[in-house]
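Overview (structure and organization)
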Amino acid sequence: MKYPQFAACLLLALPVCAQTVKTNFENTTPDSRYTVHNDGTVTDNDTGLMWIQCSEGQIWESNGGAEDCTSTTITYTWDAAMTLANDKSFAGYSDWRLPNIKELASLVAGDRSGPAINSKIFPATPSSYFWSGSPKAYNSGSSWIVEFNYGFGGDYDRGNECHVRLVRSVP
């Protein structure tokens, strides 16, 4: 197994695998980096990209300032994730897509793990693999992923299932 720590989190109780903030690392994804639109989307002011705050399968719930992503995430093969992205309509937009590997990696919070993402901006993010839309150049059966437990990147066979977070370019 590529990430044995991840397997341990799956086997242990959830509180053991709660997000850890490492105070000796710079916070590269502070809340101030994002503009939250209160409709389940957020714009990254550094990249200019708009993201859906919930992972696919989750439901955005706004409870008077206590926003959260509820329900269970769904995993997809890479081809199914591409189809999902092409067909997605959310918050009045229909131009959602899978992020390329650099865009997806821009969400990694190096000062956090379990998950390695700003969990206030992207609540209930699984500490798991997420697809990018970037195919692997020398292996047509693989695409690039980001593993959000520790924020590592890698490649994965497209027949496997991973989580999905969609993005759109803001004109």
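Calculation notes
- Residues numbered from 1 in each chain as written.
- Predicted model: local features only at pLDDT ≥ 70, side-chain atom pairs only at ≥ 80, totals over all residues.
- Heavy atoms only, no water.
- Buried < 20%, exposed > 50% of the residue type's maximum accessible area, 1.4 Å probe, protein only.
- Helix = DSSP H or I, 4+ residues; strand = E, 2+ residues; numbered from the N terminus.
- Pairing = 2+ DSSP bridges.
- Salt bridge = Lys/Arg side-chain N within 4 Å of Asp/Glu carboxyl O.
- Axes fitted to C-alpha atoms, helices over the stretch in contact; angles between N-to-C directions.
- Contact = heavy atoms within 4.5 Å.
- Phe/Tyr/Trp six-rings, centres within 6.5 Å; stacked < 30°, edge-to-face > 60°.
- Lys NZ or Arg CZ within 6 Å of the ring centre and 35° of its normal.
- Lys, Arg positive; Asp, Glu negative; His and termini not counted.
- Polar contact = N/O pair within 3.5 Å; in protein donor to acceptor, adjacent residues only side chain to side chain.

This next bit is on the pairing of strand 9 (residues 142-147). Working note: regular strand, side chains alternate between the two faces of the sheet. Burial analysis of strand 9 places 5 of its 6 residues in the buried class, which makes it a mostly covered element. As defined by bridge partners, strand 8 (residues 129-135) adjoins strand 9 across 4 bridges and the pair is classed as antiparallel. Bridging across to strand 9, W131 finds its partner in I145. Between the end of strand 8 and the start of strand 9, which pair antiparallel, lie 6 residues. Examined bridge by bridge, strand 9 and strand 10 (residues 152-157) share 6 bridges and lie antiparallel to one another. Pairing of I145 across the sheet is with G154, part of strand 10. Between strand 9 and the antiparallel strand that follows it, strand 10, lie 4 residues; G151 among them carries a positive phi value of about 90°.

Counted under the stated rule, the structure contains 8 salt bridges. Between R33 and D46 there is a salt bridge, with its nearest N and O atoms 3.5 Å apart. Of the two residues, R33 is situated in the loop between strand 1 (20-21) and strand 2 (34-36) and D46 in the loop between strand 3 (41-44) and strand 4 (49-52); the sequence distance between them amounts to 13 residues. Ionic pairing is found between R112 and D111, a salt bridge with its closest N-O pair at 3.2 Å. A single burial state applies to R112 and to D111, both of which are buried. Each of R33, D44 and D46 takes part in one network of salt bridges that share partners.

The next point concerns the sheet that holds strand 9. If you walk across this open sheet you meet the 3 strands as 8-9-10, and the pairing is antiparallel. The open sheet has two edge strands with one neighbour each: strand 8 and strand 10. Strand-to-strand, the axes of this sheet are offset by a mean angle of 40°, without reference to chain direction. Each of strand 8 and strand 9 is contacted by helix 2 (residues 78-87), which is oriented at about 80° to strand 8, the strand it contacts most.

As a further point, take the packing of aromatic side chains. By the definition in use, this model includes 7 aromatic pairs. Where F90 meets W96, the ring centres are 6.4 Å apart and the plane angle is 65°; that geometry is what we call edge-to-face. A relative accessible area of 2% places W96 in the buried class. Taken together, the ring pairs connect F90, Y93 and W96 into an aromatic cluster. Between the NZ or CZ atom of R168 and the centre of the ring of Y93, over which it lies, the distance is 3.8 Å.

Within the element layout of this structure, R165 appears in the loop between strand 10 and strand 11 (167-169). Buried charge without a salt bridge: R165, with E56 as the nearest opposite-charge side chain at an N-O distance of 8.1 Å. Only 2.7 Å separates the side chain of R165 from the side chain of T125, close enough to count as a polar contact. Leave out the neighbours within four places in its chain, and R165 touches W51, I52, Q53, C54, S55, P99, L107, I117, F122, T125 and F130.

Taken by themselves, the reported measurements are silent on function.
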